[in-house]
Protein chains: 2
Amino acid sequence: MALFLIGIGLGDAKGVTLQGMELLEKADKVYLEGYTSVLNCPVEELEKIIGKKVELADRAMVEQKAEFTILQAARDGDAALLVIGDPLVATTHVDLMQRARKEKIRVEVVHNASIVSAIGATGLQVYKFGKVTSIPFPEKGHGAETPYKVLAENQKSGAHTLILLDLRPQENRFMTVNEAIEHLLKLELNLGQNVFTRDTLCIGCARIGAKDQLIKAGKAKDILNWEFGKPVHCLVVPGRLHFMEEEAVQQFR
Amino acid sequence: MALFLIGIGLGDAKGVTLQGMELLEKADKVYLEGYTSVLNCPVEELEKIIGKKVELADRAMVEQKAEFTILQAARDGDAALLVIGDPLVATTHVDLMQRARKEKIRVEVVHNASIVSAIGATGLQVYKFGKVTSIPFPEKGHGAETPYKVLAENQKSGAHTLILLDLRPQENRFMTVNEAIEHLLKLELNLGQNVFTRDTLCIGCARIGAKDQLIKAGKAKDILNWEFGKPVHCLVVPGRLHFMEEEAVQQFR
């Protein structure tokens with residue numbers, strides 16, 4: 001009776017670690033968290049590699065219904081929840097861990113690569129990033145100014161900003177770098193603090209960590225129409241650049 | 001002829017991913033970067049798991065002498081550099097990657113768990129961390145005020161601060177949480193901006209991601225004498241806490 005929270009890294013089926021494989025061997029039931037990110041291969045490929053059937057878990061299953069699904073499986077035997085990225089980066093999994101512990105269910109965590117460190121692929125120093133923010137799909141009444149505010153705050157201290165983009169895998173909707181830039185330009189129009197203009201240096205990223213990863217740096221107006229292809233995308237707005245970072249960014253222009 | 005930069009995660013020999021194992025199988029020469037972090041198992045255990053001899057690479061080998069060691073091996077065949085954590089977090093490896101690319105050596109990167117995301121184990125939200133800073137061992141003429149300044153900056157925006165602690169594996173010297181707190185209290189005495197006092201909430205961490213990971217939260221004066229055991233240690237100074245974070249921190253008091 002245990003809950004294994006197993007990170008599988010940036011979405012490749014071969015991102016599982018040897019430690020993760022050992023736990024998966026013991027697992028009686030295997031779930032894959034499928035709403036905060038998305039695999040970049042068919043789930044069947046993952047099943048083949050780990051040698052077990054994988055059940056896709058949506059938000060309801062990990063949050064409201066966890067009692068009757070994942071936590072129940074962890075009471076009945078060993079349950080594994082595969083998480084794309086690192087399992088303790090999203091609040092939803094930290095929360096699940098706390099709930100399990102309150103019930104005295106043993107929890108084992110296998111960390112793995114997350115976008116917050118893999119973003120070093122842009123050549124920017126990971127240590128110099130400030131708070132991470134995200135852009136949600138526009139919805140009525142949604143406070144969508146947060147990314148603008150976080151960006152403004154980070155800029156004050158010269159920190160880089162990683163902006164994660166909304167995704168709804170079950171509806172096959174993934175925000176693109178282009179939509180993100182448009183959204184920030186609109187916020188600039190409304191809020192007018194000169195935080196994000198058409199001349200702001202941006203680094204658009206797609207599929208970081210995958211074989212076909214794409215990184216493109218330039219002014220917002222130039223990146224705006226660039227085609228980044230398949231998800232997952234994210235956007236970086238650099239702060240003060242060290243000359244080595246400058247050089248690294250240069251190669252992606 | 002290629003250079004593989006392979007992250008192995010938080011120091012366990014079984015942290016290698018399946019993708020990493022595939023590349024290691026092809027590698028003609030395998031190095032382990034041994035100066036920015038340290039394995040928490042004997043190198044022989046790692047050698048057994050990957051089935052190859054591993055040569056320990058010190059700073060000179062990865063930096064000044066890379067031409068004649070790692071890069072030469074990547075010209076002669078396939079060379080792998082194993083890196084504890086994620087291979088693109090430390091500047092030294094990003095620099096090695098750029099040098100290889102300038103020479104048209106193909107580079108493959110395998111990302112893995114890094115302390116900057118695994119720190120979610122404290123229950124603090126990874127997205128709400130500001131810039132990461134580090135405390136170096138005191139040396140003559142060394143500008144040791146940086147961690148204090150970064151902490152002050154992060155506090156202004158309510159961001160959490162991850163403070164990495166210096167280590168010199170070859171001299172078997174590893175800064176402890178206790179030394180780090182003493183260092184910050186001394187800086188407070190000198191700089192007096194009320195950034196880090198004996199009453200500041202701290203989270204001391206040791207061996208994050210390992211089976212015997214230790215996390216202890218409390219006021220600086222209480223953590224100051226806590227025994228954290230074996231390396232690697234790091235220190236977190238929380239910013240503004242969300243009630244869920246508050247609850248998570250509570251369990252480590």
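What you see is a predicted model; the values in this text were computed from it and never measured.

Definitions and limits used
Residues numbered from 1 in each chain as written. Chains lettered and ligands numbered in written order. Predicted model: local features only at pLDDT ≥ 70, side-chain atom pairs only at ≥ 80, totals over all residues. Heavy atoms only, no water. Helix = DSSP H or I, 4+ residues; strand = E, 2+ residues; numbered from the N terminus. Rg over C-alpha atoms; globule rule 2.2 N^0.38 Å. Buried < 20%, exposed > 50% of the residue type's maximum accessible area, 1.4 Å probe, protein only. Contact = heavy atoms within 4.5 Å. Areas by Shrake-Rupley, 256 points an atom, 1.4 Å probe, with all protein chains shown as cover. Lys, Arg positive; Asp, Glu negative; His and termini not counted. Charge placed at Lys NZ, Arg CZ, Asp CG, Glu CD. Pairing = 2+ DSSP bridges. Axes fitted to C-alpha atoms, helices over the stretch in contact; angles between N-to-C directions. Salt bridge = Lys/Arg side-chain N within 4 Å of Asp/Glu carboxyl O. Buried area = accessible area lost by both parts, 1.4 Å probe. Polar contact = N/O pair within 3.5 Å; in protein donor to acceptor, adjacent residues only side chain to side chain. Nonpolar A, V, L, I, M, F, W, Y, C, P; charged D, E, K, R; others polar. Least-squares fit on C-alpha atoms with pLDDT ≥ 70 in both. Expected span 1.5 Å × (residues − 1). 1 Å grid on protein atoms, 1.4 Å probe; cavity = no way out; pocket = protein on both sides within 12 Å on 5 of 7 lines; lining within 4 Å. Points joined across faces, edges and corners; volume = space filled by probe spheres on them.

Colleague: What's the story with the overall build of chain A in this structure? I'm lost.
Modeller: A count of helical and extended segments in chain A gives 10 helices and 12 strands. Over its C-alpha atoms chain A spans a radius of gyration of 19 Å, differing by no more than 12% from the 18 Å that the globule rule assigns to 253 residues. Principal-axis analysis of the C-alpha atoms places the extent of chain A at approximately 55 × 40 × 30 Å. Out of the 253 residues belonging to chain A, those deemed buried represent 58%. Long-range pairs, those at least 24 residues apart, make up 74% of the contacts in chain A between residues at least 6 apart in sequence. Summing over all exposed atoms, chain A offers an accessible surface of approximately 10,900 Å²; the carbon and sulfur share of this is 50%. Measuring between centres, the 31 positive side-chain charges of chain A sit 3 Å from its 33 negative side-chain charges.

Colleague: Looking at this structure, how should I read the sheet that holds strand β6 (residues 133–135) of chain B?
Modeller: Strands belonging to one sheet form pairs held by backbone hydrogen bonds; the direction of such a pair is parallel or antiparallel. Residue and element names in this part refer to chain B. In space, the 5 strands of this open sheet follow the order β6-β7-β12-β10-β11, with mixed pairing throughout. Sheet topology places β6 and β11 (214–219) at the edges, where each strand pairs with a single neighbour. Each adjacent strand pair in this sheet contributes to an overall mean axis angle of 25°, direction not counted. Bridge count for strand β10 (residues 201–206) against strand β12 (residues 233–237) is 4 bridges, and the pairing is antiparallel. The residue of β12 that forms the bridge with I203 is V236. Seen against the sheet, helix α8 (residues 177–191) touches β6, β7 (161–165), β10 and β12 and runs at an angle of roughly 45° to β12.

Colleague: Just to check I follow, could you spell out the pattern of salt bridges for this structure?
Modeller: Where charged atoms from two side chains of opposite charge approach closely, those side chains can pair. Here the structure, examined in full by the defined rule, presents 32 salt bridges over all chains. A salt bridge links R75(B) to E67(B), with the shortest nitrogen-to-oxygen separation between them at 2.6 Å. With relative accessibility at 25%, the residue R75(B) sits in the partly exposed group. Judged by relative accessible area, E67(B) falls into the partly exposed class, the value being 27%. Through salt bridges that share partners, E67(A), R75(A), R99(A) and E103(A) make up one connected network.

Colleague: Explain the interface of chain A and chain B here, please?
Modeller: Taken together, the contact between chain A and chain B spans 50 residues of the former and 50 residues of the latter. In this assembly, chain A packs against chain B so that about 4,100 Å² is buried in total across both faces, 60% of it on carbon and sulfur atoms. When the area that chain A buries against chain B is broken down by residue, the three leading residues are L18(A), Y127(A) and K131(A), summing to 17%. For the pair chain A and chain B, the interface holds 4 salt bridges. Among the ionic pairs, E22(B) bridges to K14(A), the shortest N-O distance being 2.7 Å. Seen at the junction of chain A and chain B, the total is 20 residue pairs in polar contact (both at pLDDT 80 or more). Of all the secondary-structure elements, those providing two or more residues to the side of chain A that touches chain B are α1 (18–26), α5 (91–102), α6 (115–118) and α10 (243–250) of chain A. In terms of residue count, α5(A) provides more of the side of chain A that touches chain B than any other element does, 6 residues in total. Its residues assigned to classes, the side of chain A that touches chain B shows 20 nonpolar, 17 polar and 13 charged.

Colleague: I tried to follow the relation of the copies chain A and chain B on my own but got confused; where do I start?
Modeller: Both copies of the chain are placed relative to one another by a rotation about an axis and a shift along it. Mapping chain A onto chain B calls for a rotation angle of 180° and an axial translation of 0.0 Å; the resulting RMSD is 0.0 Å. Those values place the two copies in the arrangement expected of a two-fold rotation axis. A shared interface surface links the copies, since 100% of the contact residues of chain A are contact residues in chain B too.

Colleague: Looking at this model, I keep getting lost on helix α8 (residues 177–191) of chain A. Mind explaining?
Modeller: Residues and elements named next belong to chain A. In a regular helix each residue adds 1.5 Å, so 15 residues correspond to 21 Å; α8 covers 21 Å between its end C-alpha atoms and thus fits that length. For α8, the complete set of buried residues consists of V177, N178, A180, I181, H183, L184, L185, L187 and E188. Considering only its buried residues, α8 is in contact with β6 (133–135), α7 (146–156), β7 (161–165), β10 (201–206), α9 (220–223) and β12 (233–237). Downstream of α8 by a residue or two, G192 has a phi angle that is positive, lying close to 55°.

Colleague: What is the right way to read the side chain of E108(B) from this model?
Modeller: Within the fold, E108(B) resides in strand β5 (residues 106–110). Polar side-chain contacts of E108(B) include one of 2.5 Å to the side chain of R106(B). When neighbours within four sequence positions are excluded, E108(B) is seen to be in contact with K211(A), L3(B), F4(B), L5(B) and L23(B).

Colleague: Help me understand empty space enclosed by the protein in this model?
Modeller: With a probe scaled to a water molecule rolled over the atoms, the places where space remains empty come into view. For the structure shown, the criterion picks out 2 cavities of 30 Å³ or more. Empty space within the largest cavity amounts to approximately 170 Å³. Lining the largest cavity are 14 residues, and of these V116(A), V126(A), F129(A), G130(A) and V116(B) lie nearest its centre. Counted by class, the lining of the largest cavity contains 12 nonpolar, 2 polar and no charged residues. A volume near 120 Å³ is recorded for the second largest cavity. Lining the second largest cavity are 16 residues, with L10(A), D12(A), G15(A), G209(A) and Q19(B) positioned closest to its centre.

In short, the description is geometric, and any link to function would need to be established separately.
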